[in-house]
Each structure stands twice: as C-alpha cells, then as structure tokens.
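Observations on chain architecture
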Amino acid sequence: CGACKSCHLSAAGTHPDFQIIILEEKAKQLKVDQIREVSEFVGQTAQMNGYKVVVIECADTMNLNAANALLKNLEEPAGKTAFILTSDQANRLLPTIRSRCFQQVVSIPAPAESMAWFAEQALHVTDDMLIQAGGAPLCVKDWLSRDVFVDRKKIIDGLLSIALQQKSPMALAQQWVRGDVSSVLDTMQYSIETCLQGIIAHKVLNEDLQKLQAVLAGVDVKMIFRYRDTLSNKKSQ
C-alpha cells in the first residue's frame, strides 16, 4: 500500500522480517556463509507477526556447499517463511532445489522499455550489450558492475586470434581456465551462435563479431554447428 509501517520499513530497507542475499562486490559465487545467515534468520520469530521473506538473487551462482546449506532450509522450512530465488539460468540450480520450488517465468521487457530504464539509471548501454544479456536489463546492470562486458570482449578477441592463428589455443585456454569457466563457455557459445546467424541469415553483427564471422565464413557450416553443440554439452556438465 505504500503507507503502512511494513511498507515504510521495506522502503527504508530495514524491515526486520525481510532478508535479501546478493552477490558480494566482484564476487562470482554466493558463499556458504551468506546462506548460513539465512538459516539464522529463518530460525527467528517474525517480529511483525507475518511472514518472514528471504530473497536470494542469482541463486544459480551458489557453490555446492551453499546450495546444500540452503537445501536444508527448504526441506525443513520454519513456519511462515517464504523463499524467493531468482535466476537467469535455473538449470544450473541443484535438481533437489528446483524440485522444491514453484517456477515463475518472468518475461523480459521490450528493448525500448529497457533502454529507457537505462537512461533513467544513467547507464550507458548499447543495443549489443542488451542482446548479449538476452534482453535482460538487470543482467546488463549486473554485468556492468562486474566488468563482464570487458571480459567477454577479451574472450571474443581471443577467439579471433585463434581463428587467425595469431595465438596458441592452449595458451589462451590456460589463461581462461583460471577465471570463470562458465562465463568463458557462455561467451564462446554466444559468439559462435551469433556468427552462425550472421552467416546463414546475413545478419549485421557488431564490429568484433564481424571479424570473427568473416573468418568462419570460410569454414564448413556443419563443423561450426558441431562445435556449437560441443559447447552446449560442456555447459550442461
């Protein structure tokens, strides 16, 4: 309603029965200590005589220990407690966690609506950034805060250097494996799929991918599709 005590506390970020768990600055995973805080919170009695609500953003980034710690709370929830888990890659959640949740798919907004929101937030976002993030504006904002777009460009440049035989694939692999391998696979899959669209449907790509597409245009498309499928299989493992 925006007028009651609970609404005022929520707006101020001080509601005693609400807890939100987010990625720490520069972190790529939710940690087990953060989930243990949830366990302590749900074990307490609600101070406003209503529900206790826990929101876990980017739930798919929980490491195994964190996911198992959360599972205990989901298996034996305290009375009048609601858990809300958000994820843009729900398939990365443990099956045992997914099976205990009701899934609610939230449609992404229209590109024009997202761009208008970015302008209100004073964020400089290009159409290509929004496309890379699958049209999800909050994902774009998160990636900007963690320099993900910068990292993705480096990976795309690396793929181009491999295609042009300017750098050793093994040297780049050793470099990439020290970072977030999942992010590397996501970027590689995005690059290959986008280049395939450019080759088959003659779509106009951004400058970085145009160069990669020009090289791949001389490769048998069946080989590119097999490579794309290999990346998809690796991501699902």
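Just so you know, these numbers come straight off a predicted model, no measurement behind them.

Relative to the helices and strands, Asn63 resides in the loop between strand S2 (52-56) and helix H3 (64-75). Put simply, Asn63 and Tyr227 are 164 residues apart on the chain and 28 Å apart in space, counted from C-alpha to C-alpha.

Attention shifts here to the packing of aromatic side chains. Using the criterion set out here, one finds two aromatic pairs in the structure. On the numbers, 5.4 Å between centres and 70° between planes, the contact of Trp143 with Phe149 is edge-to-face. Overall, Phe149 belongs to the buried group, its relative accessible area being 10%. The ring of Tyr190 is capped by Arg152, whose NZ or CZ atom sits 5.1 Å from the centre of that ring.

Attention now moves to the side chain of Arg152. Note on placement: Arg152 falls in helix H8 (residues 148-163). The side chain of Arg152 is buried and forms no salt bridge, while Asp186, the nearest opposite charge, is found at 5.7 Å. A distance of 3.5 Å separates a polar atom in the side chain of Arg152 from a polar atom in the side chain of Thr187. Setting aside anything within four residues of it in sequence, one finds Arg152 in contact with Gln132, Trp143, Asp186, Thr187 and Tyr190.

Parameters at a glance
Residues numbered from 1 in each chain as written. Predicted model: local features only at pLDDT ≥ 70, side-chain atom pairs only at ≥ 80, totals over all residues. Heavy atoms only, no water. Helix = DSSP H or I, 4+ residues; strand = E, 2+ residues; numbered from the N terminus. Phe/Tyr/Trp six-rings, centres within 6.5 Å; stacked < 30°, edge-to-face > 60°. Buried < 20%, exposed > 50% of the residue type's maximum accessible area, 1.4 Å probe, protein only. Lys NZ or Arg CZ within 6 Å of the ring centre and 35° of its normal. Lys, Arg positive; Asp, Glu negative; His and termini not counted. Salt bridge = Lys/Arg side-chain N within 4 Å of Asp/Glu carboxyl O. Polar contact = N/O pair within 3.5 Å; in protein donor to acceptor, adjacent residues only side chain to side chain. Contact = heavy atoms within 4.5 Å.

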